[in-house]
Amino acid sequence: MKTYRRYLFVLFAILVWLACAKSGPKDYPIQPLPFTEVKLTDTFWRPRMETNRTVTIPHALHKCEETGRLDNFAIAGGIEEGEQQGIYPFDDTDVFKTLEGASYALMLHPESALAAYLDSIIALVGAAQEKDGYLYTVRTNRADHLEKWFGGERWEKLDSSHELYNAGHLFEASAAHYQATGKRNLLDIALKLADLVDGTFGPGKIRKPPGHQVIEMGLARLYRVTGDERYISLARFLLDVRGRPLDGRELRGEYNQDHRPVLEQDEAVGHAVRAGYMYAGMADVAALTGDRSYIKAIDQLWENVAGKKLYLTGGIGASGSNEGFSDNYDLPNMSAYNETCASIANIYWNYRLFLLDGDAKYLDIMERTLYNAFLSGISLDGTRFFYPNPLESVGQHERSEWFGCACCPGNVTRFIASLPGYMYAVKKDQIFVNLYASNEAKIDVDGQTVHLKQETRYPWDGAVRLEVDPEKQGERFALCLRIPGWARGRPLASDLYRYLNDEPAEVSIDVNGTNVPYSLEDGFAPIRRRWRSGDVVKLHLSMPVRRVAAHDSVKADMGKVALERGPLVFCAEWCDHARGHVRNLLLPDDCELSTEFLPDHLQGIQLIRGRALYYRLDEDEKTVKEEELLTMIPYYAWAHRGKGEMAVWLAREESAVQPLGLPTLASTSQVKASFGRHVEAVNDQLEPKSSIDYDTPFFYWWPHKGTTEWIQYDFEKPVEISSVEVYWFDNSEEGECRVPASWRALFLDNGKWRPVYTTDTYGIRKDQYNKVVFETIRTRSLRLEIQSQDGWAGGIHEWKVH
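What counts and what doesn't
Residues numbered from 1 in each chain as written. Predicted model: local features only at pLDDT ≥ 70, side-chain atom pairs only at ≥ 80, totals over all residues. Heavy atoms only, no water. Helix = DSSP H or I, 4+ residues; strand = E, 2+ residues; numbered from the N terminus. Rg over C-alpha atoms; globule rule 2.2 N^0.38 Å. Buried < 20%, exposed > 50% of the residue type's maximum accessible area, 1.4 Å probe, protein only. Areas by Shrake-Rupley, 256 points an atom, 1.4 Å probe, with all protein chains shown as cover. Core = buried A, V, L, I, M, F, W, Y, C linked by side-chain atoms within 4.5 Å. Contact = heavy atoms within 4.5 Å. Salt bridge = Lys/Arg side-chain N within 4 Å of Asp/Glu carboxyl O. Pairing = 2+ DSSP bridges. Patch = residues over 30% accessible without salt bridge, like charges linked within 9 Å, V, L, I, M, F, W, Y side chains within 5 Å. Lys, Arg positive; Asp, Glu negative; His and termini not counted. Charge placed at Lys NZ, Arg CZ, Asp CG, Glu CD. 1 Å grid on protein atoms, 1.4 Å probe; cavity = no way out; pocket = protein on both sides within 12 Å on 5 of 7 lines; lining within 4 Å. Points joined across faces, edges and corners; volume = space filled by probe spheres on them. Nonpolar A, V, L, I, M, F, W, Y, C, P; charged D, E, K, R; others polar. Expected span 1.5 Å × (residues − 1). Axes fitted to C-alpha atoms, helices over the stretch in contact; angles between N-to-C directions. Parallel < 35°, antiparallel > 145°, perpendicular 65-115°, else oblique. Left-handed = near helix turned anticlockwise from the far one by under 90°.

Student: Quick question: what am I supposed to make of the overall build of the protein chain here?
Tutor: The helix and strand tally for the protein chain stands at 17 helices and 30 strands. Over its C-alpha trace the protein chain gives a radius of gyration of 29 Å, about what one expects of a compact globule, namely 28 Å for 802 residues. Dimensions of the protein chain, computed from C-alpha atoms along their principal axes, come out at roughly 110 × 70 × 55 Å. In the protein chain, which comprises 802 residues, the share counted as buried stands at 58%. For the protein chain, the exposed area adds up to about 32,000 Å²; of that, 48% sits on carbon and sulfur atoms.

Encoded structure:
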C-alpha cells in the first residue's frame, strides 16, 4: 500500500511538473512583435523616427550636458568638483530616458559614435553609484538646496524624493541598452540598485510606496531580462502597500493615488502621469503573476477615464493645479493640461490592456492619443516641446526647447524610437495588425515565420495593402485587421463623444482581388485561410469628415462641434484666417466640408475647408455675423507659424458663440511686466468666471513671492484716463497665488512715474472687478504696482482702463 501511495505521489508530482513546464512563465496572452522586427518605410512615421534619431536625441543629450545633468553624475563620482545643478531631485531621469531612447535608436540604426558616447555617460552613472548600489546624485552631492525634497536619510521622504522614480527609469534604460548592445555595463548598475531596493523594501522591511510611480514598470522589465522573480514580486509589493496606512504611515491622498488600496480604486484621480504609469505597472503585474484581481481594478479605472475623463485628442489630465485628473466630465479646453508625458503613459496603459484582453477598443484610444495629444507635444523639426497640450489658445502657448522640469523631451525620444513595436502582435495562430503604416515585418506565428509588407498613405488615406509571404506554404493562420472605431461610426467605446454623422464608413476587404465578407471580433476583422507567398490583402477604409459632439455633461463643449478625419482631430488656427480670429466662429451643421492634401505645407497635411460664420460686435454692441472661409489643420500641427488663436471645438449653436468685441484702449496697448509670462492675458478681453478660472488666460508673477512687482500699458499716443478695473487671479485654495497685500496706479509724467490722485480704496476682492476712479491724467504709459502678500505670488486675469 505504501509503495502504491508513493507511486501515486510521484506520478502526481510528475504531472504537475509537466503542466508547469508546458505552460511556461506567465505573461501577456498576446505578445507584441519586437520593434526590431518591423522596418517602417512610410512617409509619416519613418521621417519622424529619423528626426528623433538625428535631431531630438542629440538635442536632448546636449541639453543634459548644457544644464549640468551629466556633471551631477561626474561630481557624485568624484570625477569633477562642484555643486549639484538643477532645481529638482529627479533630473537624473532625463539622462536615463534619453539613454533609453538612444538605445532603441541603436537597435535600428547601429552607430559606433553614438554607442561610444552612451558608454561614456554610463561610466559617469557607474562612478556616481555608491558602494552598496544606492544611486541618487542629489543626496550623494549633498545638495542642501534640495533637501526639502528628500530629507536627511535615505528613503525618508518617499512622497517627494523620487528616489524610486529615478530607479525605475534607470531600470527601463538598462534593459533597453542591454537588448540593443548586449553590453552589461548599464544593466549591472541597475541590478546592483535593484538588489539594494529589494533588500530594503518588502515584508518585514520598509513598507512604503514611492511618491511617483514608474519603478513598477522598470522592475517588470528587469524581470523579463533576468528571469529573477524577486523583481516582479517587489513590483507587486510596491503596488499593494499603496493606499494602506501600514506601520503608522499617513496616506498621501489622491494626488499620489495613495488614498485607497490600488485594487479598490475605481476612479482616476490625482497626477495623471503617476496614475498612467501605475495602471501600466498593474497590467504588467497582472500579466506576469497571473493575478486577475489587478485586471478587474484597471478595467474599472479604464471605464472611468474612457467614459468621463478623456479628451477628444486622447489626452488625460484636465487640471494644471495637480497636473492631473479633475472631476468627471470636467474637460476645459484652454486650461486643459494634457501633459505630453501623460499621453505616453496613456499609450503604455492602453497597449498593455489590449495585450491582456485583445479588444481593439484599447487600440482605438492608443491611436487617438498617438496621432493627436502625443504628437502635438513635439515640433515638426524635433527641437521644441509642449508640456501641456491645450485644445484652445489665444496665443499664450508655444513650444519650448527645454524645461526646468524636463521630463517630456526625454520621454518623447524613448517613445518615438520604440514606435514600430506597437504595429503588430501575435497570439498562437493569430497576427494582429494594430496600426497602419507602410512597413516590412518578420513575424513568428504558431511555429512558422511570416513576412508581411504593408503599403498605405495612412493617416491621410484609408487604403491599405498587405502582402503575405509565409515560409511554409499553405499553413493556416488568421490575419486580424483592426477596424478602427472611427470607421465604425463611434469615436470611443463609451458615450463621452459621439458622431453627429455616425453612419459607418465604407469598409471592404479583398484577398487576391476577391471581396471577402467579414465579421468583427473585438474590433478586428480576422481573415482565416491557408496562406501562400504572394497573397495580397487590400483593406479599404473610407475617411469621411466626422462632426463630433461631446456628452451633455461636458459643459466646456456644450453647443460646440469638433471635426475628425480618420484618426486625426482637426483644429482652426489664426494664421489660416484672414482676420486672425477663430474662437468667434460658428460652424453650421449644414455647412459642406471638403478636404485637400497639401504635400508641401507643414511637412504634408490634409486640410478641411468649409464656410463658417464670423461673429463680432458693432459700435452699438449689437451682434453681427458674416461668412468666413474656414480652414482646419490636424491638431498636432498647430503652433508652428507664430502665436495666436487656436480652437478644436467651434460653436454650432449661437449660445456657444463668443463674438469678437470692439478694440479697447487696453486691448490695443503694449503690455510689459517686471517678471512673468503671458502678459497678453491681462488685455485679451476674455471675461473670467471667477478668480480661479483656469480656463480663462491669466498672468502671474509666480514664483516671485512677497515681492513688489509691476505691470504696464504703453499706448500708441498720449491718452486721457480716469479709472482702472482689475480682476485678480487667486488660486490660494490649491496653488500659490493670492490677491495682493496692496497696489496702486502710476502714470508716466515727463519721464517720471507718479501715483494717480484718488480718494478711492484700492480693492483686493476676489471674483469681481476692483475699480478705482482717479483724477484724469494724460499719459503714454500706465502702470500698476503690486505688493504681493508674504509667501504668496500675485496674478491678474484682466485689467481694464477707461
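Student: Looking at this structure, I do not really get the nonpolar core. What am I missing?
Tutor: For soluble globular proteins, nonpolar side chains are generally found buried alongside one another. In this structure, Phe354, Tyr424, Leu479, Leu481 and Val648 are the most contacted members of the largest nonpolar core, which totals 218 residues. Ranked by residue count, the leading element in this core is helix H13 (residues 272-289), at 13 residues. Residues in contact with Leu479, not counting those within four places in the same chain, are Ile431, Val433, Leu452, Leu466, Val468, Ala525, Pro526, Ile527, Trp531 and Val537. Grouped together as the second largest cluster of nonpolar side chains are 28 residues, Val671, Val682, Trp728 and Val772 included.

Student: Please clarify how the pattern of salt bridges should be interpreted in this entry.
Tutor: Side chains bearing opposite charge may pair, as long as their charged atoms lie close to each other. Using the criterion set out here, one finds 56 salt bridges in the structure. For the salt bridge of Glu100 with Arg221, the shortest nitrogen-to-oxygen distance reads 3.8 Å. Of this pair, Glu100 sits in helix H4 (residues 92-108) while Arg221 sits in helix H11 (residues 215-226), and the two are 121 residues apart along the sequence. The two residues Glu100 and Arg221 agree in class, both being buried. Its salt-bridge partner being Glu172, residue Arg414 comes within 3.0 Å of it at the nearest N-O pair. You can see Arg414 sitting in helix H17 (residues 407-417) and its partner Glu172 sitting in helix H9 (residues 163-181), a full 242 residues away along the chain. Both residues of the pair, Arg414 and Glu172, count as buried. Via salt bridges that share partners, Arg46, Glu50, Arg53 and Glu111 belong to a single interconnected network.

Student: Mind showing me how you'd approach the sheet that holds strand S1 (residues 31-32) here?
Tutor: One open sheet holds the five strands; their spatial order is S1-S4-S5-S9-S13, and the pairing between them is mixed. The open sheet has two edge strands with one neighbour each: S1 and strand S13 (524-531).

Student: What should I look at first to understand a negative patch on the surface in this one?
Tutor: A contiguous patch of negative charge on the surface is contributed by Glu83, Asp144, Glu147, Glu153 and Glu156. Assignment of secondary structure puts Glu147 in helix H7 (residues 147-150).

Student: When you look at empty space enclosed by the protein in this model, what are you seeing that I'm missing?
Tutor: Rolled over the atoms, a probe as big as a water molecule pinpoints where empty space is left. Counting across every chain of the model gives six cavities of 30 Å³ or more. What the largest cavity holds in volume is close to 130 Å³. Taken together, 13 residues line the largest cavity, and the ones lying closest to its centre are Arg48, Leu375, Ile378, Ser379 and Leu380. Of the residues that constitute the lining of the largest cavity, the class distribution is five nonpolar, seven polar and one charged. The computed volume of the second largest cavity comes to approximately 110 Å³.

Student: Please explain the environment of Pro659 as it appears in this structure.
Tutor: Mapped onto the fold, Pro659 is located in the loop between strand S23 (650-651) and strand S24 (670-673). Setting aside residues no more than four positions away along its own chain, Pro659 makes contact with Asn584, Tyr615, Arg616, Leu617 and Thr623.

Student: Sorry if this is basic, but what is going on with the sheet that holds strand S14 (residues 535-541) here?
Tutor: Note: strands within a sheet are paired through backbone hydrogen bonds, in either parallel or antiparallel orientation. Read across the open sheet, the seven strands follow the order S2-S6-S7-S8-S14-S11-S12; overall the sheet is antiparallel. The two strands at the open ends of the sheet, each matched to only one other strand, are strand S2 (38-40) and strand S12 (514-515). Bridge count for strand S6 (residues 439-445) against strand S7 (residues 448-456) is seven bridges, and the pairing is antiparallel. Bridge pairing in S7 links Val445 to Gln448.

Student: Where do I start with the pairing of S6 in this structure?
Tutor: The side chains of a regular strand alternate, residue by residue, between the two faces of the sheet. Burial of the side chains of S6 is restricted to one face: Asn439, Ala441, Ile443 and Val445 are buried, whereas none of Glu440, Lys442 and Asp444 on the reverse face is. Note: S2 against S6, three bridges, orientation antiparallel. Bridge pairing in S6 links Leu40 to Asn439. Counting the residues in the hairpin turn of S6 and S7 gives two residues, including Asp446, whose phi is positive at 50°.

Student: How should H13 be read in this particular structure?
Tutor: Each full turn of the α-helix corresponds to 3.6 residues, which orients residues three or four apart in the same direction. Its 18 residues place the ends of H13 25 Å apart at the C-alpha level, agreeing with the 26 Å of an ideal helix rising 1.5 Å per residue. Among the 18 residues of H13, 17 are classified as buried, and the element is accordingly described as predominantly covered. Where H13 terminates, the next one or two residues include Gly290, which has phi positive at roughly 80°.

Student: Help me understand the pairing of strand S28 (residues 752-755) in this model?
Tutor: Examined bridge by bridge, strand S27 (residues 742-749) and S28 share four bridges and lie antiparallel to one another. Counted as the bridge partner of Phe747 is Arg754 from S28.

Student: Where do I start with the packing of H11 against helix H12 (residues 229-240) in this structure?
Tutor: A pair of packed helices is characterised by two quantities: the angle between their axes and the separation of those axes. One way to put it is that H11 packs onto H12 with a least axis distance of 7 Å and a crossing angle of 165°. With respect to H12, the element H11 is oriented roughly antiparallel. For the element pair H11 and H12, the recorded crossing hand is left-handed. Seen from H11, the contacting residues are Ile215, Glu216, Leu219, Ala220, Leu222, Tyr223 and Thr226; seen from H12, they are Glu229, Tyr231, Ile232, Leu234, Ala235, Leu238 and Leu239. Residues of the contact of H11 with H12, tallied by class, amount to 11 nonpolar, one polar and two charged.

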